[in-house]
Amino acid sequence: MAPQTGSAGKETRPVSAFLQLFTWEEIRIHNGRGQGQEQWLVIDRKVYDVGRFSKRHPGGSRVLSHYAGQDATDAFIAFHNDKSLVERYLKSLLIGELAPDQPSFESNKKKALLEDFRELRCSVEKMGLLRPNYSFFFLIFLHLLVLDVASWLVVWHFGISFVPFVLGMVFFTIQMGWFQHDLGHCSVLRKPKWNRLLHIVVMNILKGLPASWWTHLHNQHHAKPNCFRKDPDLNMHPLLFSLGKTLSVELGKKKKKFMPYNYQHKYFICEYPYILPCSARYEKCFCVYLCRYLESTWFIWVSQMNHIPMHIDYDKNKDWVSTQLHATCNVNQSLFNDWFTGHLNFQIEHHLFPTMPRHNYCKVAPLVRALCDKHGIEYKSKSLLTAFSDILHSLKDSGEHWLEAYLHG
């Protein structure tokens, strides 16, 4: 019996005679939507039933269901650095293997691209690019401490007035937001459990939001970016915005209109609730509210500049690399851009290697660009201002596609 090819491009042992054998057709049927709603997925040719386990999954239940009926090998490797820990859970979920006559890759996925990416992943691990540099994150923490102290000094010197309070709080809270993002991806400390513990402290106590809520939503976004009904970042469609050509045309042909989408590029700029008039009575409440408003505005523009202008559609079960590259783009590197975006200007690298510490994005970027050039995939990188304007251009185009389909479809 011929040996099979594993997830790292290496040969694995022949199929065991004690495990049930399955075909890809059988796997696809068990996608959580059929009779019994069983959820099967494939990791390195092994078949697992994750239906009951999904509710206990530390990364959230839905991220598993999004891969039900599909090959999840590359997603699994991308999300889990501690393989020995997760393998203990996998053993109890194993129900079989792919039959020997079944290919290791689904027919709609690019085999050559995935093989090269898995070689790149091995090189990244050998280069130590998935290990955090504690000195870097100590400086990040020190930087947060300086911003916090500076905020209090400004208030102490100028008094509790409007502008000093707001500016001090906004710069501190948004940078704290980038730090909690690092913790949520388990990229600050080497042990996942310590990352999660510190993430709870930062999110629940310092920022006032549940860490479990963030993890549940954000892991789905990384698993299936820009895939409608699987990426929670697209939940604004269609109640507030019409996103992407495919979804906009579909919405228009169904004659659905929740908002004047042909003007969405204009109301995106001021989509947040109106600001209460400032008075002595409401000044403290107003200042806190405005800080949250400015922080969320900063975050939304930074997070959406990498995704809204890219391809948006239903899940087509593309391979890991194509899924991430079609949904993300970069913003050119500079010291300001790195600081302003929390290194999320390297969105392509961040999505391909979600557990990679951000200080290593610039090191892996040339390798990723070379992979894209080899396989004829566009590696998009633009200026910060261009990225911001592309959000509005994309929303305008989507609105026009909706209006055309709505009036004439």
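Refer to the preceding data block for the structure.
It should be emphasised that the depicted structure is a prediction, and the values quoted were computed from it without experimental measurement.

Reading the values: rules and limits
- Residues numbered from 1 in each chain as written.
- Predicted model: local features only at pLDDT ≥ 70, side-chain atom pairs only at ≥ 80, totals over all residues.
- Heavy atoms only, no water.
- Buried < 20%, exposed > 50% of the residue type's maximum accessible area, 1.4 Å probe, protein only.
- Helix = DSSP H or I, 4+ residues; strand = E, 2+ residues; numbered from the N terminus.
- Pairing = 2+ DSSP bridges.
- Axes fitted to C-alpha atoms, helices over the stretch in contact; angles between N-to-C directions.
- Parallel < 35°, antiparallel > 145°, perpendicular 65-115°, else oblique.
- Contact = heavy atoms within 4.5 Å.
- Nonpolar A, V, L, I, M, F, W, Y, C, P; charged D, E, K, R; others polar.
- 1 Å grid on protein atoms, 1.4 Å probe; cavity = no way out; pocket = protein on both sides within 12 Å on 5 of 7 lines; lining within 4 Å.
- Points joined across faces, edges and corners; volume = space filled by probe spheres on them.
- Salt bridge = Lys/Arg side-chain N within 4 Å of Asp/Glu carboxyl O.

> Is there a simple way to explain the pairing of strand S4 (residues 40–43) in this structure?
The two faces of S4 match: Trp-40 and Val-42 on one face and Leu-41 and Ile-43 on the other face are all buried. Where S4 and strand S5 (residues 46–49) come together, 4 bridges link them in antiparallel fashion. Counted as the bridge partner of Leu-41 is Tyr-48 from S5. Connecting S4 to the next strand, S5, in antiparallel fashion are 2 residues, including Asp-44 with a positive phi near 55°.

> Looking at this structure, how should I read the packing of helix H5 (residues 111–126) against helix H13 (residues 320–327)?
Two packed helices can be described by the angle between their axes and the distance between those axes. Where H5 meets H13, the closest approach of the two axes is 8 Å, and the angle between their N-to-C directions is 90°. Taken together, the axes of H5 and H13 are roughly perpendicular relative to one another. Facing Leu-113, Leu-114 and Phe-117 of H5, the residues of H13 in contact are Trp-320, Val-321 and Ser-322. In the contact of H5 with H13, the residues fall into 5 nonpolar, 1 polar and no charged.

> Please clarify how empty space enclosed by the protein should be interpreted in this entry.
Left-over empty space is what a probe sized like a water molecule reveals as it rolls over the atoms. Counting across every chain of the model gives 3 cavities of 30 Å³ or more. Here the largest cavity defines a volume of roughly 130 Å³. Along the walls of the largest cavity sit Pro-225, Asn-226, Cys-227, His-311, Asp-313, Tyr-314, Asp-315, Lys-316, Lys-318, Thr-323, His-326 and Ala-327, which together make up its complete lining. When residues of the lining of the largest cavity are assigned to their parent elements, the largest contribution, 3 residues, is made by H13. Its volume calculated, the second largest cavity comes out at about 80 Å³.

> Looking at this structure, I do not really get the pattern of salt bridges. What am I missing?
Note on pairing: side chains with opposite charge can pair once their charged atoms come close. Across all of its chains, the model carries 11 salt bridges by this definition. The residue Arg-121 makes a salt bridge to Glu-125 at a minimum N-O spacing of 3.2 Å. Placement of both Arg-121 and Glu-125 in helix H5 is noted, with a separation of 4 residues, approximately one turn of the helix. A residue is classified by how much of its surface remains accessible, and Glu-125, at 37% relative accessible area, is partly exposed. The salt bridge partner of Lys-224 is Asp-315, with a shortest N-O separation of 3.3 Å. Residue Lys-224 is found in the loop between helix H9 (211–223) and strand S7 (227–228), and its partner Asp-315 is found in the loop between strand S8 (313–314) and H13; the two are separated by 91 residues along the sequence. You can call Lys-224 buried: its relative accessible area is 1%.

> Just checking my understanding: could you explain the pairing of S5 for this structure?
Successive residues of a regular strand alternate their side chains across the two faces of the sheet. Inspection of the sheet shows S5 paired to strand S6 (residues 94–98) by 3 bridges, in the antiparallel sense. Its bridge partner being in S6, Tyr-48 is matched across the sheet by Leu-94.

> Where do I start with the side chain of Ser-54 in this structure?
Within the secondary structure, Ser-54 sits in the loop between S5 and helix H2 (62–65). Residue classification places Ser-54 among the buried residues on the basis of a relative accessible area of 6%. Once residues within four sequence positions are removed from consideration, Ser-54 is found in contact with Gln-39, Gly-60, Ser-61 and Leu-64.

Purely spatial values, then, with no claim about function.
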